[in-house]
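Letter by letter, the chains look like this.
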Amino acid sequence: SAEALESAKTLYVEQGKINEYESFLQSSGKSLSAIQKDSLRYQYVQSSVSTADIPLARRSMSQYLSEFPNGLFAIEVEHLQAELYLDEKDWVNAAKSFANLAERGASRYQEKALRQAARLYFFEVKDYEKAANLFQQLTSSSSKSEITLEALRGEVRSRYYLKQWMAGIRAAEQLLSNSKANPDDVSFAAIILGYFSQMNKEYEKSSASFERVVIGNQSGLATEARYQLAWNKVEQGNLIEGEQLSSKAIESSGSNEYWITKSYILLGRIFLQQKDYFNAQATYQSVYENANDPSLRKEALEKIEVVKKNEKGN
């Protein structure tokens, strides 16, 4: 009888028929505890993974987590599931699984799960909101300097892409104070500080941060910072220097059409404030006729109407 029960158990578990095995035991006057059932379901997960039958492995994991979401082996199963999605390059589900694993709290997988989920959401899924939050958690939870640096880099870049200047201040300041930060790290952190100060109308402080970006970066960030330097001067009422910086931004922007166009629009604003309506309208008209970005063309068209009204009023 004992041998028969053990053989029946083996056959049922190999097929994943744990509920049927429970019914079989009950028909024999025996019972299966929740802990035993949890363990048997996990055994089936392990055996399905070893077969290299991916659809079977997926089903067994989903079944386990559905039946035992907080089971004895839930963390192990979640980790197996995340790794399976990662191997298959199913980035969305891999990111979700690693994020779920991290949310389960302290475990031997938590730091790895946070790191993987943050990387996947940033590099593959391009969900910068989730990436930023996960990188922030990783910064707070890790005691390893190289992981902390990676987390700060990830959060700062995510906040930049999201234009979350206030939310990015803490990470930006920490990254700037990190001795291992590279020039790109400094530029991303400094541009966040520049926008934050600009938002608070602290234009001198803002310009100092944007200058730091221009000095230390040769990419699109420097082009963006040059435009913001010109914009700050115009906001301060310094139209002559604002015009000079706008022209410099145009000359130094290379093929970056967006910031070149923004600089021309800023020049139009300067001409308008100087009551040079002819050049203001000509500049906006040129943008409207030549820009490829629909939002900038729309902005230029609206500005043309503003120029006409101002010219008529004067």
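Whatever comes next refers back to the structure up there.
Presented here is an overview of the structure given in this document. Quick caveat: nothing in here was measured; it's all calculated off a predicted structure.

For the rest of this paragraph, the subject is the overall build of the protein chain. When helices and strands are counted, the protein chain shows 17 helices and zero strands. On C-alpha atoms alone, the protein chain measures out to a radius of gyration of 30 Å, which is more than a quarter above the 20 Å that the 2.2 N^0.38 rule sets for 314 residues. Across its three principal axes, the protein chain shows a C-alpha extent of roughly 105 × 40 × 30 Å. Taken across its 314 residues, the protein chain has 45% of its residues classed as buried.

Membership of the largest hydrophobic core comes to 45 residues, with the highest contact counts inside it found for V156, Y160, L175, I191 and I192. Those residues in contact with L175 that sit more than four places away from it in its chain are L149, L152, R153, V156, A181, D185 and A189. In this structure, F98, A99, A117 and A151 belong to the second largest nonpolar core, which totals 23 residues.

Here the focus is the packing of helix α14 (residues 239-251) against helix α15 (residues 257-273). Here α14 crosses α15 at 160°, and the two axes come no closer than 9 Å. One finds that α14 runs roughly antiparallel with respect to α15. Classified by chirality, the crossing of α15 by α14 is left-handed. On the side of α14, the interface is formed by L239, G242, E243, S246, S247, A249 and I250, while α15 contributes I260, S263, Y264, L266, L267, I270, F271 and Q273.

Moving on, we come to the packing of aromatic side chains. Evaluated as defined, the whole model comprises 15 aromatic pairs. Summarising the aromatic geometry, the rings of Y64 and F68 are spaced 5.5 Å apart at their centres and angled 40° between planes, so their arrangement reads as tilted. The class of Y64 is buried, set by a relative accessible area of 0%. The class for F68 is buried, based on a relative accessible area of 13%. A centroid spacing of 5.3 Å and a plane angle of 65° characterise the contact between F122 and Y128, whose relative ring orientation is edge-to-face. For F122, a relative accessible area of 9% gives the class buried. Cluster of aromatic residues (ring-pair linked, three or more members): F122, F123, Y128, F135, Y160, Y161, W165, F188, Y195 and F210. Above the face of the Y288 ring, R297 is positioned so that its terminal group lies 4.5 Å from the ring centre.

This part covers the environment of A171. Among the structural elements, A171 can be located in helix α10 (residues 165-176). We classify A171 as buried; its relative accessible area is 0%. In the structure, A171 is positioned 95 residues away from E76 in sequence and 32 Å away in space, judged by C-alpha atoms. The contacts of A171, once residues within four sequence positions are left out, are L152, E155 and V156.

The next point concerns the environment of G194. Mapped onto the elements, G194 comes out in helix α11 (residues 183-199). The exposure class assigned to G194 is buried, which follows from its relative accessible area of 0%. For the pair formed by G194 and V213, sequence separation is 19 residues and the distance between their alpha carbons is 9.1 Å. For G194, the contacting residues outside a window of four places in its chain are S206, S209 and F210.

Position of Q228 among the secondary structure elements: in helix α13 (residues 220-235). Residue Q228 is classed as buried on the basis of its relative accessible area of 6%. With near-sequence residues (within four places) excluded, Q228 lies in contact with Y195, Q198, F210 and W259.

The subject of this paragraph is the pattern of salt bridges. For side chains of opposite charge, pairing can occur when their charged atoms come near one another. Enumeration over the complete set of coordinates arrives at 16 salt bridges. A salt bridge links R58 to D90, with the nearest nitrogen and oxygen atoms 3.9 Å apart. Placement of R58 in helix α4 (residues 54-67) and of D90 in the loop between α5 (74-87) and α6 (91-103) is noted, with a sequence separation of 32 residues between them. A salt bridge links R157 to D185; its shortest N-O distance comes to 3.1 Å. Here the residue R157 occupies a position in helix α9 (residues 145-162), and D185 occupies one in helix α11, the gap between them amounting to 28 residues. Across this residue pair, the class does not change: R157 and D185 are buried. Via salt bridges that share partners, R58, E88 and D90 belong to a single interconnected network.

Rules used throughout
Residues numbered from 1 in each chain as written. Predicted model: local features only at pLDDT ≥ 70, side-chain atom pairs only at ≥ 80, totals over all residues. Heavy atoms only, no water. Helix = DSSP H or I, 4+ residues; strand = E, 2+ residues; numbered from the N terminus. Rg over C-alpha atoms; globule rule 2.2 N^0.38 Å. Buried < 20%, exposed > 50% of the residue type's maximum accessible area, 1.4 Å probe, protein only. Core = buried A, V, L, I, M, F, W, Y, C linked by side-chain atoms within 4.5 Å. Contact = heavy atoms within 4.5 Å. Axes fitted to C-alpha atoms, helices over the stretch in contact; angles between N-to-C directions. Parallel < 35°, antiparallel > 145°, perpendicular 65-115°, else oblique. Left-handed = near helix turned anticlockwise from the far one by under 90°. Phe/Tyr/Trp six-rings, centres within 6.5 Å; stacked < 30°, edge-to-face > 60°. Lys NZ or Arg CZ within 6 Å of the ring centre and 35° of its normal. Salt bridge = Lys/Arg side-chain N within 4 Å of Asp/Glu carboxyl O.

Purely spatial values, then, with no claim about function.
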